[in-house]
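# Secondary and tertiary structure notes
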Amino acid sequence: MKPLLLQPLFVAGFFFRSSCAADDGGLRLRGGQDDTMARYGPRIIGGTAAPPGRYKHFVSLRHPFYGHFCGASLVAADTVLTAAHCVDGSYYVVVNSEELSLTPDSHKFDVRKEIIHPNYPIDEFDAAPAHDYVLIFLNETVTSRNLQVEYIKLNSNSDEPKQNDPVTVVGHGVNEYSSTELSETLMEVELFVLSNEQCKESKLESGGQVVLSYGDDITDEMICAQDVGEDSCQGDSGGPLFVKGNDPGGADDVQVGIVSWGYGCADPNFPGVYSRISEEYEWIARQICTPCLHSNPRSITVERVYQSGSTKLSPHCDRSTIHQSTKLVGGWI
Ligand code: ARG
């Protein structure tokens, strides 16, 4: 059983995904810490508007009624990577989501299948969200609609990124901690990577007592990032944390994390916590490849939920097809 204080944060994320930033209840659930947060002033997240067309791999998950609730990234023509805590209930996926309002360039896709990481906690109320990964398979490929998209590269190198390396996160999440309003425009912010040892040390002390800490809730499949007055926040979950490349559309950005959780937002004591891509690169790659993409993905009948890491690649998998449509940095598994 995790300390009680951890639970409201996770519950906040849990509620948020189903009811959006406008759900006051989600934010209020973190209220136990509001006095603490107030000492540090307003939680401005400190981002800037993403240049139009720069992040063509970013996609948005939208509830049919409440709208955007989580970010995600396009990793193959029919596959989207996001945080497991995001998916629950019905939603659709919007590709080319630079604005929350749909534009002629933005396109809605329905979901065919989700594969949640097998070690993602079944009881979300009992733990920090370890193994917060899910792959979402669309019911048609983005290429079938001739869209201007890019697939983000996935990092397989566990030695990268290093402590203090700059990384970028994008999303439509709230612009300040106390806000419930999502950002109409896609925002980006640059952060710096912490070592997991540093991140575990994150704590809040009061009267000589540690009243809140990350400690062992930071596990190997997490990566932390932070900067002064800058962070991801509610509504950014599921979105990519990446090392920025030079391509003007994002073709050589390398995803290193998925927005997952944190105590507050831009709190100097508590960095943002992301699912670490390199730690589950093989699992992710295997899901993308098993079964492989076909021109008509609806014809795929292989069951894809909760496969374990030891699952063999599907004999139907045509790696050359996959190579054209995915960019798994460091080679194929
Ligand atoms: N769980 C949040 C969401 O569902 C993301 C929180 C990120 N927090 C942070 N301090 N970076 O949108």
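Quick notes on the rules
- Each chain carries its own residue numbering, running from 1 in the direction its sequence is written.
- pLDDT decides what is reported in this predicted model: residues at 70 or higher carry local features, side-chain atom pairs at 80 or more are listed and counted, and totals for whole chains, interfaces and linings draw on all residues regardless.
- The basis for every side-chain value is the complete set of non-hydrogen atoms in the structure, without hydrogens or water.
- Grouping buried Ala, Val, Leu, Ile, Met, Phe, Trp, Tyr and Cys residues that are joined through side-chain atoms within 4.5 Å yields what is termed a nonpolar core.
- With a 1.4 Å probe rolled over the protein chains alone, any residue whose accessible area is under 20% of its type maximum counts as buried; one over 50% counts as exposed, and the rest are partly exposed.
- Under the DSSP-based scheme used, a helix requires at least four consecutive residues in state H or I and a strand at least two consecutive residues in state E, with every element numbered from the N terminus.
- By definition in these notes, contact holds between two residues if any of their heavy atoms fall within 4.5 Å.
- Any residue with a non-hydrogen atom lying within 4 Å of a molecule or strand is treated as near it.
- The definition of a polar contact used here is a pair of N or O atoms within 3.5 Å, where within protein one atom must be able to donate a hydrogen and the other to accept one, and adjacent residues in sequence count solely through side-chain atom pairs.
- Under the convention used here, a 1.4 Å probe and the Shrake-Rupley method define accessible areas, while residue burial counts only the protein chains that appear.
- Gly is put with the polar residues, along with every residue not named as nonpolar or charged; the nonpolar set is Ala, Val, Leu, Ile, Met, Phe, Trp, Tyr, Cys and Pro, and the charged set is Asp, Glu, Lys and Arg.
- Values of pLDDT, which run from 0 to 100, indicate the predictor's confidence residue by residue.

Further remarks concern the nonpolar core. Generally speaking, nonpolar side chains in soluble globular proteins are found buried as a group. Grouped together as the largest cluster of nonpolar side chains are 47 residues, with contacts concentrated most on Leu61, Val93, Val142, Leu154 and Ile284. Mapped onto this core, the elements with two or more residues apiece are strand E2 (58–63), strand E3 (67–76), strand E4 (79–82), strand E5 (92–95), strand E7 (111–116), strand E8 (134–138) and helix H5 (281–289). Of the residues forming this core, the biggest block, six residues, is contributed by E3. Those residues in contact with Leu61 that sit more than four places away from it in its chain are Gly67, His68, Phe69, Cys70, Gly71, Ala72, Thr82, Cys86, Tyr91, Tyr92, Val93 and Ile136. By size, the runner-up hydrophobic cluster in this structure holds 14 residues, among which are Ala128, Cys224, Tyr263 and Val273.

Contacts to the ligand come from 15 residues, most closely from Asp231, Ser232, Gly235, Ser237 and Gly264. Backbone polar atom of Gly235 to an oxygen atom of the ligand: 2.8 Å apart, as the coordinates give it. A distance of 2.5 Å separates an oxygen atom of the ligand from a polar side-chain atom of Ser237. For the ligand, the accessible surface in isolation is 350 Å², of which the surrounding protein chains cover 98%. Within the shell around the ligand, the residues separate by chemical class into four nonpolar, nine polar and two charged.

Let us look at unusual backbone geometry. Between Glu160 and the following residue, Pro161, the backbone shows a cis peptide bond with an omega angle of -10°. With respect to the element layout, Pro161 can be found in the loop between strand E9 (153–154) and strand E10 (166–171). The phi dihedral of His131 falls on the positive side, at around 50°, and the residue is not glycine. Among the secondary structure elements, His131 is positioned in the loop between E7 and E8. For His131, a relative accessible area of 16% gives the class buried. Positioned with a positive phi, Asn164 is a non-glycine residue whose angle comes to about 75°. Within the secondary structure, Asn164 is located in the loop between E9 and E10.

This part takes up the environment of Tyr151. Within the secondary structure layout, Tyr151 lies in the loop between E8 and E9. Taking the relative accessible area as the measure of exposure, Tyr151 reaches 10% and is therefore buried.

For the chain, per-residue confidence averages 75 on the pLDDT scale, and 72% of positions sit at 70 or higher. Note on residues 1–44: pLDDT is under 50 here. Beyond four places in sequence and across chains, it has 96 contacts. This stretch, residues 292–333, has a pLDDT under 50; its non-local contacts, to residues over four places away or in other chains, come to 97 contacts.

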